[in-house]
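Coordinates in review
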Amino acid sequence: MKTLYTVQTEELTTLKNQSREKEFTDIKGHNISVYTDNVDTNGTNDSESYQANSVYSTSTRELGTEIADSISQPSVAMTTSTEGDYDEEVSPESQSLWKNALQRIRNQNYLRTSVNQEVDDAEASGNSAASTLANHLSDIGEALSSKPRIEDISECKLQQMLAMLSKPKLQIFSEASTVDDENFFIIPNYNKIKPLVFQKTIQAVIYPISLNEPHRFHSWTTFTPAVCYECERLLWGVAKQGLRCSACGVKCHEKCHELLNNDCLQRAMQKTMRGENEDAAQHENIMRSIEQRMRVTENSSKDTFDLLTDAFGYTKEKLDSVKKEVKHLILTGSSKWSAKIDITVVEARGLAGKDKSGTSDPYVTVQVGKTNKKTRTIPQDLSPKWNQSFSFDCNNSSDRIKVRVWDEDDDFKSKVMTHLKREADDFLGQAIIDVKQLCGETDVWLDLKQRTDRSDVSGQIRLKMMVKIEGEEQNASYHIQYQILHNTLFNYLCERNNGVVLPDAKKQLKGDEMKKFPMFFEGQAQEIVEEFATRYGIESIFMAMTQFACLTQRFICKGDAPPKSVSDLLVLINSHYSSKVGQEINVSNFGKDKFTAVLDKLQFTLKKNLASYKALYPPTEEKLLELQNSIGLLTSIIFFRLKVLQQGGKNNKQPLSAKPIIQERVKMCLKTTYNYIYKNLDESYRQVTGNEAGTDENRVDKLSKLVTLILMEIKEDTRFYAPIFKQFIPHSDLSALTFWELFSEYLKQELVDDKEYYLSKIETPQVMQLQNSITFFYKNYIKDLPGNTAPEYPKWFKPFVDKYLKEKENNMLKSILPKALDQDTFQIDEKSSIKHSSSVIDIFDNLNALYFSIVKLECPLHELNDSYHRQFCETIDCVLKEYTKRLAQRFESGQGDIAKFCVVLCNIHQMRDELQSLYGTMGAERLDIDARKILEETQKYLKVERNTLITEMIESIKISIERSIRDIKEGLRSVKNYAKRDEYSDIANPVMEYFDGVFGILIKGTYEAVRKPLVRRIWKQTLKLLENIIILPSDEVLAAGEDLQELDSKQSQVLEKMLEGLMDYFVKSTGDIIKIKSLQNMPEMKELRSVLAQYRKTTDTLIKEFVKQAGHQNYLATSDSQGELHVQVDIYNNTIQDHWDVTVKVVSASRLHFNTTKMFTPFVEVNLIGPGTSGVKRKFQTSKKNKTYSPLFNESFHLKIMKPNDPIDYELQFCVKDFCFLQTDKLVGVVVMPLAQIQETGSIQDRLNLSRSLTLDRADKNILIILAQRLHDEVAQEFVKLKRLEKTDII
């Protein structure tokens, strides 16, 4: 299909005026402007084509404007096909000449002589169209001769200029030999039809039908059967059966007279012309009446005739000539109308069943005027096919074709009723068509409708109709003539008013098929089209569709037709056809295909405009309203296609709603906008750097600027365009998502494909800043979009983030950390409060800054975020360990200085606090488990280092504390009388005097949090030294005879009071940072008190406690077995002698382990241990067995336990020894058997495992130490010796 267009040079100027220019941020002093031009796209079924656009600077735009203004020659018509080929109107040679000239402009060869040569070549071709193109070249040459260098205009803009000059444009009227369905205003033989239309219009205006004489009805009695002219039913009654016009003789029911047209004079004149009226006077009166009406109309409508003359382009003489001819035709009656109508009744479907069998015997009657014809009957068929044709002669254009379907009833009753009523058969439905609605050949399905409210009808009937108007067979139909008239008036008024001017008032059109339509014109023009339509039977819907087509063409070609007016008109047309069930648009005289073509062109234009809405509809109130109206018009078109044209669905390419179209076109515009921004930015940076893209060092900066410009566009879309598109699409979301997808592709290309370049050439802080900008983009505009998935961009940035973190770590280790340490003076100002360590603050300021740089990334990928946190935690661990190491090195130089100890401890404590705070900031338990482990290990490391420093500090003052405690020990020797109240205080003076200086330094040089554990450690150390030196002297102290001193009860009590005084002193001297209860509840303190209490107990009591707690702890069993001892023990309660008899039988020993080079002579020693054994025999031994490791003894011993003692307080200790002549016997193994475990049974026989020594707990050892100090107590010394037996290896 070919489409006729014309090149209108105003489009270039319109494009310039409508294009949106938006100034963005300056880059390196160069203004960056985004200029959006039209995008040329085809419709849904056509191939998509996009015209390249350009972005240029202010000076370039001025030059482009001057060039556009210079192109002002008349338009050049050309014909293009869908493939883009040119036909003979503009030859390929001419096109080549034009392109060659443009190429010379590109090459800066724009001398006037060169352009003139192209003009001469074009004129020599002998083609008028080529000459017109040559004139364009000449004008452009003149414009360029005084302009700056053409290189300021980009290649893209030159290409656009070429496309604009060759862009096809719809022509409103032209001469054509055939009618093209897509060109809905191309009229065949237009020049021949135009005078006829002018004549018909003058005829309609000079004698308007709207002023016709109404019928003069009066009551009438008939003596023969008569039928109503309107409903064609019998006039019943004895008298005054109906109404009759005294002028034209038409008869009707009284209820039907208001439905007849006011055509009394026409009917009367037609009757007279046919000779049916013989009254000459009446005929003369009719002629004078018509002539008078024409004269009055002519005098009162001079402006109307002038309007017609100017619109058609005729002279006044031509108007007078046509008036004279028209008057003659009207008065002579030559204007009578007659036509031949051929009707074919093809078939019907879905008829109602009227017979008892559920079927019908249908036939059809067709009536035109008073002529009635009938088809044959099809028995028992609800979808009959007749295919019968009928011909009718019609002399009145107001007649109607009445098609009725009946069910034939062939019985006697029906025949009688047929004779009386003429309607005995069952009524199946009817379809009534005005003759004036038909034009040419029509094939249509019509719905069968009711005749009365009680009618039960259904189904459709198919008719083929051909109408031939007598005398006008060669002329265009009245509908085509009306189109010419309407378009002529429309175009004339648009040119005169410099645009479309629509009336505000609305007109109520006649007929039950339509409601209200807007008035098409104002004043005389509206009266003209109404009179023409009334006279020649032009339907109101046809008039509305013609107006819609005119507005559509004006909107497509000029853009000055308000989209809302077009949309409102389409809505009314839609409501008209939507109320008609079936295919009534197929019988529209406008033509379904032609109206569909109008919609196609309009839809294509709207889609094209939407694809460049940012250029055509800049964010002003007027343009945004126009955009909203355009969207409303597109929606109306889609709705019309669905409801009226029945387009859309699976088997049709038309969409079911406007949403996919709008979304597609908006996305096109967004993509174009992005390309403009990118090309503009790229070109600007090239001008700044002078390098090709990809080699300059400003690529990161360019990416950042690109993000900024994109965000500006998104904000503009959200603010201005989103409210307009919100009914159809989430525009702001679509805008953000489209820009994001396009930018992501470019970003991936930069960071992934050219990663090595960025890693080696670009500084990582710039890349981090770029990622922050992209993160802001994603977080605020993309993250919460429905269906959004995790982005990929953080993965592209990971190498750069890793590099950045590593660089920061190295910088802190090599630069920041040494500098921070140098600022620490390690001095305490006694006049001021404790100072914060500047080194720790500096380090953690840098660590916090580094962490917040990671936080600012807001990485949406959890695995990457965890990776960054792990790497950051490793940096923390490395920096703090290095800092602690350097602190330790500085501490070594000041070892023994408590003040420096305090400074170092405060630094470590402050690091732990800052680390804990940073840990909480990072999310604490929400952190990745690996990162959390790293920080926990770092915290443990700092704690260990702190404790190590505290230990070293305690060790540094240990000698001084020990010296003070030895002074206390010497003071204990002089204790005479416990009654002295403050004696314990005097004894503790040496320790208190020393700690006064220590605690003074601690209070001034440490935080409470540091001081508290330090004081607790000092207290523990003090208790430990008291224990080792005085209370529980170690083995070394016991071995030194001069230091050996047994505490008596008085001294132990003094020591208890002294400890209480020391506790109170520690609490008060350290600033009450520690509670006295916490010192009292310390295990070491409780143990010392318990030991001091034991000093006041007897030996038997201590032995008794030892036996009980040793038996309870089951200390006998060991894993290092030295053999087995088979014994049998019996206990008997001798009530007569009031004691307990204990019989011990040593049976044998086996598998003894003993290394010796001498003869092995084992024997067993049995000891009874318990209270009250000082006056009884408590030690027994067996005979010696030579040279055997499994000796057999079978020896029994009898022991006594005197009452009131109980066996539960006693135990048997078996020692297997090797006899050594003149030497101390060697221990082979030892084992203990508590008698408590055999008291209930009274007897036991068991094999006991021998151990190298007895396993003792701390309480047991304390008792042994106390008893060991009782040198003059034989039982105590013997007990200690037994419990400390230990096997020694002998070779």
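In this report, we go over the structure that sits alongside the text.

What counts, and at which threshold
Residues numbered from 1 in each chain as written. Predicted model: local features only at pLDDT ≥ 70, side-chain atom pairs only at ≥ 80, totals over all residues. Heavy atoms only, no water. Axes fitted to C-alpha atoms, helices over the stretch in contact; angles between N-to-C directions. Helix = DSSP H or I, 4+ residues; strand = E, 2+ residues; numbered from the N terminus. Parallel < 35°, antiparallel > 145°, perpendicular 65-115°, else oblique. Left-handed = near helix turned anticlockwise from the far one by under 90°. Nonpolar A, V, L, I, M, F, W, Y, C, P; charged D, E, K, R; others polar. Patch = residues over 30% accessible without salt bridge, like charges linked within 9 Å, V, L, I, M, F, W, Y side chains within 5 Å. Areas by Shrake-Rupley, 256 points an atom, 1.4 Å probe, with all protein chains shown as cover. Salt bridge = Lys/Arg side-chain N within 4 Å of Asp/Glu carboxyl O. Phe/Tyr/Trp six-rings, centres within 6.5 Å; stacked < 30°, edge-to-face > 60°. Buried < 20%, exposed > 50% of the residue type's maximum accessible area, 1.4 Å probe, protein only. Lys NZ or Arg CZ within 6 Å of the ring centre and 35° of its normal. Pairing = 2+ DSSP bridges.

**So, the packing of helix H28 (residues 898-921) against helix H29 (residues 929-973)**
For the pair H28 and H29, the least separation of the axes is 10 Å and the interaxial angle reads 165°. The angle between H28 and H29 places the two elements in the roughly antiparallel class. Our pair here, H28 against H29, has a crossing hand that is left-handed. Among the residues forming the contact of H28 with H29, the class breakdown is 14 nonpolar, 4 polar and 7 charged.

**Here's the deal with a nonpolar patch on the surface**
The grouping of Phe1219, Phe1221 and Leu1222 at the surface amounts to a nonpolar patch, some 380 Å² of accessible area in total. Looking at where Phe1219 falls in the secondary structure, it is placed in the loop between strand E25 (1211-1218) and strand E26 (1226-1234).

**A short note on the packing of aromatic side chains**
Scanning all chains against the criterion turns up 32 aromatic pairs. Measuring from ring centre to ring centre gives 4.9 Å for Phe1106 and Phe1279, while their planes differ by 90°; the resulting arrangement is edge-to-face. Here the residue Phe1106 occupies a position in helix H37 (residues 1099-1113), and Phe1279 occupies one in helix H39 (residues 1274-1283), the gap between them amounting to 173 residues. The class of Phe1106 is buried, set by a relative accessible area of 0%. A ring pair is formed by Phe1180 and Phe1197, whose centres lie 5.7 Å apart and whose planes are at 35°; its orientation type is tilted. One end of the pair, Phe1180, is in strand E23 (residues 1179-1181); the other, Phe1197, is in strand E24 (residues 1192-1202), and 17 residues separate them in sequence. A residue is classified by how much of its surface remains accessible, and Phe1180, at 11% relative accessible area, is buried. The structure contains a cluster of three or more aromatic residues connected by ring pairs, namely Trp740, Tyr758, Phe777, Tyr778, Tyr781, Tyr793, Phe797 and Phe800. Across from the ring centre of Phe305, 4.1 Å away, lies the NZ or CZ of Lys323, which sits over that ring. Across from the ring centre of Phe1163, 5.3 Å away, lies the NZ or CZ of Lys1184, which sits over that ring.

**Focus: the sheet that holds strand E9 (residues 251-252)**
Ordered in space as E7-E8-E9, the 3 strands form an open sheet in which the pairing is antiparallel. Sheet topology places strand E7 (217-220) and E9 at the edges, where each strand pairs with a single neighbour.

**Thoughts on unusual backbone geometry**
Trans is the prevailing form of peptide bonds, just as negative phi is the prevailing case for residues other than glycine. Between Lys1203 and Pro1204 the backbone carries a cis peptide bond, its omega angle lying at 10°. In this structure, Asn387 takes a positive phi of about 55° despite not being glycine. Following the sequence through the fold, Asn387 ends up in strand E13 (residues 385-394). A residue is classified by how much of its surface remains accessible, and Asn387, at 53% relative accessible area, is exposed. Its identity as a non-glycine residue notwithstanding, Glu858 has a phi of 45°, on the positive side. As for its placement among the helices and strands, Glu858 is situated in the loop between helix H26 (838-857) and helix H27 (862-892). Residue Glu858 is classed as partly exposed on the basis of its relative accessible area of 37%.

**Re the pairing of strand E10 (residues 339-349)**
In terms of residue burial, E10 counts as a mostly covered element, since 8 of its 11 residues are buried. With 8 bridges connecting them, E10 and E13 associate as antiparallel partners. Looking across to E13, one finds that Ile343 is bridged to Phe390. Summarising the sheet, E10 and strand E17 (residues 460-469) pair through 10 bridges and their orientation is antiparallel. By the bridge assignment for E17, Ala348 is matched with Ile461.

**Here's the deal with the pattern of salt bridges**
Counted according to the given criterion, the structure contains 39 salt bridges. One salt bridge in this structure joins Asp877 and Lys881, with 3.3 Å as the shortest N-O distance. Taken together, the positions of Asp877 and Lys881, both in helix H27 and 4 residues apart, correspond to about one turn of that helix. Owing to a relative accessible area of 15%, Asp877 belongs among the buried residues under this scheme. Taking the relative accessible area as the measure of exposure, Lys881 reaches 30% and is therefore partly exposed. Two residues, Lys1108 and Asp1209, come together in a salt bridge whose shortest N-O distance is 3.7 Å. Here Asp1209 lies in the loop between E24 and E25 and Lys1108 lies in helix H37, a separation of 101 residues in the sequence. Here Asp1209 falls in the buried class, since its relative accessible area comes to 5%. Each of the salt bridges in this network shares a partner with another, and the network as a whole consists of Lys614, Glu713, Glu716 and Asp717.

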